[in-house]
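Below, each chain spelled out in residue letters.
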Amino acid sequence: MAATAIKISPEDVAQASQRSERIPEPCVVVIFGASGDLTKRKLLPALFHLEQAGLLPKEFGIVGVARRDLGATFAEDMKQGILEFGGVRDGAAKLEEFIAKVSYHAMNFDDDAGYAALKSLLEKYDKEHGTRGNRLFYLAVAPEYFSDIIHSLGEHGMAHPEQAHVRVIIEKPFGHDLESARELNDDVNKVFDEDQIFRIDHYLGKETVQNILVFRFANGIFEPIWNRNYVDHVQITAAENIGIEGRGPFYEKAGALRDVVQNHMMELLSFVCMEPPVSFDAAAVRYEKVKVWRAIKPIDCADTVRGQYGPGIVDGKPVKGYREEDRVSPNSQTETFAAFKLEIENWRWAGVPFYLRAGKRLQKRVTEITIQFKQPPMLLFDRAMSGPCKEIQPNLIAMRIQPDEGISLRFGAKVPSPDMTVCPVTMDFSYASAFGTSSANGYERLLLDAMLGDATLFAHRDGVEATWSLYTPVLESWAASVPKGFPNYASGSWGPKEADALIERDGRSWHKL
Ligand code: BG6
């Protein structure tokens, strides 16, 4: 059963994304850490797609900054990245023109002369390309460089130019606990005003994540039942089948909680749970999100599970365990899986459990939010003795964030027969079939918004600190005790059995994904 009666043409979709009021002012995007994977795989392809969609200003440039002396090979490398990871839509005609706007500046991030040279290079850009002094600095570097770069930009007069705007995007992780996040916030705020700072979480750039708000607040029928009177519980799963992809040193220090739970999963949770904002602008949306995070009850360690993958089979191929990965300690205690039961103490959600799980090397890649509703007060109809209709299944709204982006609603239907047997069926909305387009990589929307100065889909200082306040005690208590039985799940499984027990002890189970 498909819920796609209204067909939207590709032209309608293209038109919707090309509203002229969304073209930013001229500017130069300066990417620190440009030799890293993120630039090549995500940022340049995203910027090129914006260019193809006619959403970049004519006066525009990109300067990659990194320590290695890459010279002219940088632009060529970026071109290959766009071809390989971006998928060049509508032919490569604009690619050469776009690449001509890309240049490279080699410097150490603690080298004063490097910043002075960068400043001159950018001023030259302004003269040659008409970029008018406007800058978007993107910090795609390891977190230990954030503060140095920010301070140096300030010291070299690049943070507050007259009659031009400067914004700075800071990649995650934003701190590694509450104290470090506060310090970093204080540090950044010494140089930049809060409205210049864009703390990026690429989940907020995903169409399907933004669609949670549209689903809830652009429709009249869901919101009245979106509360503790009707919802039994909520599950959020962010499962990946990949491992740590050569990022051993980073992951050893991070672990699943810091890598995806404190940020991506908390963003998903806030969109599911927040009250309707008074308007769709940065202040109103961020205000409602922070209210949700602050209402979460302190997490009891008995409501947490951590896991680490051992060897196993993923997609039919044998893969090694976490402790055998490159640059990972053979005795590592880092978690590659985390699950939590959370409770939100407010009028809307009191008493509704939220079960979250995230992990690497699980059976498949799937991110999904399911809202399970309460059963009707009494059951009038028959159940079959066996098969899928054996139990009357509760209603379910499943929001598929990725892949196969879409939303489905499960409800009971009468099986054609002389009796009244009820069987669960689904009504499905799929992005691909409704809009004929796969959703863009989240960076397109976020880069565009940052250039436009719209921080609605970026994290705010208060929000970052609220989520760290919640998880820092968990991290401390995890650090104080050696996890039992690591590795405790096989690659290719659904995680440790304790994660099943976490939900099963409440008489519930994880939905099959
Ligand atoms: C990143 C994490 O933030 O998100 C990665 O550092 C993770 O470890 C990735 O794989 C997941 O993003 P996505 O968009 O593939 O779900």
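Below, the structure is looked at part by part. Here the residue numbering is sequential within each chain, running from 1 through the sequence in written order. For a predicted model such as this one, the threshold for reporting local features is a pLDDT of at least 70, and the threshold for listing and counting side-chain atom pairs is 80 or more; totals across whole chains, interfaces and linings nevertheless cover every residue. To obtain the side-chain values, all non-hydrogen atoms of the structure were included, while hydrogens and water were left out.

### A closer look at the pattern of salt bridges
Then, number 1: Salt bridges are identified by distance alone: a Lys or Arg side-chain nitrogen within 4 Å of an Asp or Glu carboxyl oxygen. Scanning the entire structure with this criterion turns up 28 salt bridges.
Then, number 2: Across the pair lysine 40 and aspartate 77 runs a salt bridge whose closest N-O atoms are separated by 3.3 Å. Remark: aspartate 77 occurs in helix H3 (residues 73-86) and lysine 40 occurs in helix H2 (residues 37-52); sequence separation between them is 37 residues.
Then, number 3: Between aspartate 186 and arginine 461 there is a salt bridge whose closest N-O contact spans 2.7 Å. With aspartate 186 in helix H7 (residues 178-191) and arginine 461 in helix H13 (residues 461-479), the pair connects residues that are 275 residues apart, well separated along the chain.
Then, number 4: What you see here is one network of salt bridges that share partners, running through Arg182, Asp186, Arg461 and Glu465. Put simply, DSSP marks the helices as runs of H or I at least four residues long and the strands as runs of E at least two long, and each gets a number from the N terminus on.

### Some thoughts on the pairing of strand E14 (residues 396-402)
Side-chain positions along a regular strand alternate between the two faces of the sheet.
Then, number 1: For E14, the tally of buried residues reaches seven of seven residues, placing the bulk of the element in the interior.
Then, number 2: Strand pairing is defined by DSSP finding a minimum of two bridges between the two strands. The pairing of strand E13 (residues 366-373) with E14 spans six bridges and is classified as antiparallel. Bridge pairing links glutamate 368 to arginine 400 in E14.
Then, number 3: Pairing of E14 with strand E15 (residues 406-414) involves five bridges; the strand directions are antiparallel. Across the sheet, arginine 400 pairs through a bridge with glycine 406, a residue of E15.
Then, number 4: What sits between E14 and E15 in their antiparallel hairpin is a turn of three residues, with aspartate 404 showing a positive phi close to 50°. Any residue under 20% of the maximum accessible area for its type is buried, any over 50% is exposed, and the rest in between are partly exposed; the area is computed with a 1.4 Å probe on protein chains only.

### Considering the sheet that holds strand E7 (residues 231-239)
Then, number 1: Taking strand neighbours across the sheet as the criterion, the eight strands line up as E8-E11-E12-E7-E13-E14-E15-E16 in an open arrangement whose pairing is mixed. Two strands bound the open sheet, and with one partner strand each, they are strand E8 (304-307) and strand E16 (422-430). Each strand of the sheet is rotated relative to its neighbour by a mean of 15°, with strand direction disregarded.
Then, number 2: Bridge count for E8 against strand E11 (residues 337-343) is four bridges, and the pairing is antiparallel. Note on E11: the bridge partner recorded for arginine 306 is alanine 338.
Then, number 3: The criterion used for residue contact is that any of the two residues' heavy atoms lie within 4.5 Å. To obtain each axis, a line is fitted to C-alpha atoms, and for helices this fit is confined to the stretch in contact; angles are then taken between N-to-C directions over 0 to 180 degrees. Here H13 sits on the sheet and contacts E8, E11 and strand E12 (353-359); the angle it forms with E11, its principal contact strand, is near 135°.

### Examining unusual backbone geometry
Excluding glycine, residues mostly have negative phi values, and the peptide bonds linking residues are mostly trans.
Then, number 1: Cis rather than trans, the peptide bond between lysine 172 and proline 173 has omega equal to 5°.
Then, number 2: Mapped onto the elements, proline 173 comes out in the loop between strand E5 (166-170) and H7.
Then, number 3: In this structure, the amide linkage connecting glutamine 402 to the following residue, proline 403, adopts the cis form with an omega of -15°.
Then, number 4: Summarising the element assignment, proline 403 is placed in the loop between E14 and E15.
Then, number 5: Unusually for a residue other than glycine, glutamine 163 sits at a positive phi of about 55°.

### Quick notes on H13
Then, number 1: By this rule, a helix spans an expected 1.5 Å times one less than how many residues it contains. Its 19 residues place the ends of H13 25 Å apart at the C-alpha level, agreeing with the 27 Å of an ideal helix rising 1.5 Å per residue.
Then, number 2: Across the chain, bend at a residue is computed as the angle between axes fitted to the seven residues ending at that point and the seven starting from it. Of all bends in H13, the biggest is about 35°, found at tyrosine 471, and the proline proline 473 comes one to four residues later.

### A few points about the packing of aromatic side chains
Then, number 1: Classification of ring pairs uses Phe, Tyr and Trp, with its six-membered ring standing for Trp, and accepts pairs whose centres are within 6.5 Å; under 30 degrees between planes counts as stacked, over 60 as edge-to-face, and the remaining range as tilted. Per the counting criterion, the structure on display carries 20 aromatic pairs.
Then, number 2: Centroid distance phenylalanine 32 to phenylalanine 137: 6.2 Å. Interplanar angle 40°. Geometry classified as tilted. Residue phenylalanine 32 is found in strand E1 (residues 27-32), and its partner phenylalanine 137 is found in strand E4 (residues 135-139); the two are separated by 105 residues along the sequence.
Then, number 3: Residue class for phenylalanine 32 comes out buried when judged on its relative accessible area of 0%.
Then, number 4: Judged by relative accessible area, phenylalanine 137 falls into the buried class, the value being 0%.
Then, number 5: Ring centres 5.4 Å apart and planes at 80° place the aromatic pair tryptophan 349 and phenylalanine 354 in the edge-to-face group. Note on accessibility: tryptophan 349 and phenylalanine 354 belong to one class, buried.
Then, number 6: Through pairs of rings, three or more aromatic residues link up here, namely Phe32, Phe109, Tyr115, Phe137 and Tyr145.
Then, number 7: Remark: a charge is flagged as sitting over a ring if the NZ atom of Lys or the CZ atom of Arg is within 6 Å of the ring centre and within 35 degrees of the ring normal. The aromatic ring of phenylalanine 174 is capped on one face by arginine 199, whose charged end is 5.0 Å from the ring centroid.

### Topic: empty space enclosed by the protein
Then, number 1: Only protein atoms enter the 1 Å grid used here, on which a cavity is any set of points holding a 1.4 Å probe that cannot leave and a pocket is any open set flanked by protein within 12 Å on both sides along at least five of seven lines; residues with an atom within 4 Å of a point are listed as lining. Grid points are joined across faces, edges and corners, and a volume is the space filled by probe spheres set on the points. The final tally for this structure, using the stated rule, is four cavities of 30 Å³ or more.
Then, number 2: The space that makes up the largest cavity amounts to roughly 160 Å³.
Then, number 3: Lining the largest cavity are 15 residues, with Asp201, Gln262, Asn263, Ala459 and Val464 positioned closest to its centre.
Then, number 4: When residues of the lining of the largest cavity are traced back to their parent elements, those giving at least two are helix H9 (248-273) and H13.

### Some points on the packing of H2 against H3
Then, number 1: Interaxial distance between H2 and H3 falls to 8 Å at its minimum, and their mutual angle equals 85°. Relative to H3, the element H2 is oriented roughly perpendicular. For the pair H2 and H3, contact is made by Thr39, Lys40, Arg41, Leu44, Pro45, Phe48 and His49 and by Asp77, Met78, Gly81, Ile82, Phe85 and Gly86, respectively.
Then, number 2: Residues belonging to the contact of H2 with H3 are distributed by class as follows: six nonpolar, four polar and three charged. Put simply, angles under 35 degrees are roughly parallel, angles over 145 are roughly antiparallel, angles from 65 to 115 are roughly perpendicular, and the rest are oblique. Gly is placed with the polar residues, together with every amino acid not listed as nonpolar (Ala, Val, Leu, Ile, Met, Phe, Trp, Tyr, Cys and Pro) or charged (Asp, Glu, Lys and Arg).

### Re the site of the ligand
Then, number 1: Inspection of the region around the ligand gives Lys172, His202, Tyr203, Lys206, Glu240, Arg247, Asp259, His264, Lys360, Arg365 and Gln402 as its neighbouring residues.
Then, number 2: Separating an oxygen atom of the ligand from a side-chain N or O atom of lysine 172 is a distance of 2.8 Å.
Then, number 3: In the model, an oxygen atom of the ligand is placed 2.8 Å from a nitrogen or oxygen of the lysine 360 side chain.
Then, number 4: For the ligand, the protein covers 83% of the area, taking 400 Å² as the surface of the free molecule.
Then, number 5: The residue inventory of the shell around the ligand, partitioned by class, reads one nonpolar, three polar and seven charged. Definition of nearness: a residue and a molecule or strand are near each other if at least one heavy atom of the residue lies within 4 Å of the molecule or strand. Any pair of N or O atoms that falls within 3.5 Å is considered a polar contact. Within protein, one atom must be able to donate a hydrogen and the other to accept it, and sequence-neighbouring residues count only if both atoms are side-chain atoms. Method for areas: the Shrake-Rupley scheme with a 1.4 Å probe, in which residue coverage is limited to the protein chains shown.

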